[in-house]
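Understanding the architecture of this molecule
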Amino acid sequence: RDNMMSAYGCVVEKIHLNSIWRRDLVYATKGLRLEVRPMTPDDDRREKEFFEAQSFEERRMRFMGVVSLPRAAIRHLTHIDFSKDFAIVAVDRATDALAGVARYVHEQNSEPSHIVAHAAVAVLKKY
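What comes next concerns the included structure. (Residues numbered from 1 in each chain as written. Predicted model: local features only at pLDDT ≥ 70, side-chain atom pairs only at ≥ 80, totals over all residues. Heavy atoms only, no water.)

Re the overall build of the protein chain
The following threshold applies: Put simply, DSSP marks the helices as runs of H or I at least four residues long and the strands as runs of E at least two long, and each gets a number from the N terminus on. With a 1.4 Å probe rolled over the protein chains alone, any residue whose accessible area is under 20% of its type maximum counts as buried; one over 50% counts as exposed, and the rest are partly exposed. It only takes one pair of heavy atoms within 4.5 Å for two residues to be counted as in contact.
Helix and strand counts for the protein chain come out as three helices and six strands. Listed N to C, the secondary structure of the protein chain is β-β-β-α-α-α-β-β-β in terms of helices and strands. For the protein chain, with 127 residues in total, the buried portion stands at 36%. Taking contacts inside the protein chain between residues at least 6 apart in sequence as the whole, the part at least 24 apart equals 40%.

This is how it looks when you write it as structure tokens:
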């Protein structure tokens, strides 16, 4: 997958050996450096700022009309049980802000023989 990045004008600057998901990416033509990694509980502030940076329309589409994100909702989004859910973030190295989030969430009511997960991707327009 790292080889595919060059098609998008990206170079994998660093591969972190302690995580198969973590990469430092450089988009030289855009002057952009991103750290791509799994979301952690330390991302509470970044997730809140990411939500606030989205337009009303983006929030409506992602959160079905939610205008503010309570602390409990932020905690739910950032404190991931990786045994059933997954979230990966792209952090702008220059600003320490989230540029994007991708996640899937296991539907809790799904039957063991038919597991269902919901996927979502959100990227701020400026990226």
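Description of the nonpolar core
Rule in force here: To define a nonpolar core, start from buried Ala, Val, Leu, Ile, Met, Phe, Trp, Tyr and Cys residues and group those joined through side-chain atoms within 4.5 Å.
Membership of the largest hydrophobic core is limited to 10 residues, which are M39, F50, I80, A87, V89, V91, L98, V101, A122 and L124. Where this core is concerned, the elements lending two or more residues are β4 (86-92) and β5 (97-106). Considering each element in turn, this core owes the most residues, three residues, to β4. Grouped together as the second largest cluster of nonpolar side chains are nine residues, L32, V36, F86 and A99 included.

A short note on helix α2 (residues 56-63)
The criterion, for reference: Taken from the helix axis, the directions to the C-beta atoms give the arc we talk about.
Within the sequence span of α2, burial applies to E58, R59 and F63. Down the axis, α2 shows its buried residues gathered within 100° of arc, on one side only. Exposed side of α2, more than 90 degrees from the buried face: F56 and M61 are the residues found there. Contacts from the buried residues of α2 go to α1 (44-53), α3 (71-78) and β6 (117-123). Trailing α2 by a residue or two, M64 shows a phi angle of about 55°, which is positive.

Observations regarding α1
Residues of α1 that are buried include every one of R46, E47, F50 and F51, and no others. Seen end-on, α1 carries its buried residues on one side only, within an arc spanning 135°. Where the residues of α1 are buried, they touch β3 (32-38), α2, α3, β4, β5 and β6.

Details of unusual backbone geometry
The general pattern is negative phi for most residues beyond glycine and trans for most peptide bonds. Positive phi values are uncommon outside glycine, yet D96 reaches one of about 60°. Counting through the fold element by element, D96 comes out in the loop between β4 and β5.

Here's the deal with the packing of aromatic side chains
We count it as follows: The criterion for an aromatic pair is that two Phe, Tyr or Trp rings (for Trp, the six-membered ring) have centres within 6.5 Å, with stacked assigned to planes under 30 degrees apart, edge-to-face to planes over 60 apart and tilted to the rest.
Taken as a whole and judged by the stated rule, the model has two aromatic pairs. When the ring of F82 is compared with that of F86, the centres are 5.7 Å apart and the planes differ by 70°; the resulting orientation is edge-to-face. On the basis of relative accessibility, which here comes to 40%, the residue F82 falls in the partly exposed class. Classification of F86 by relative accessible area gives buried; the value is 15%.

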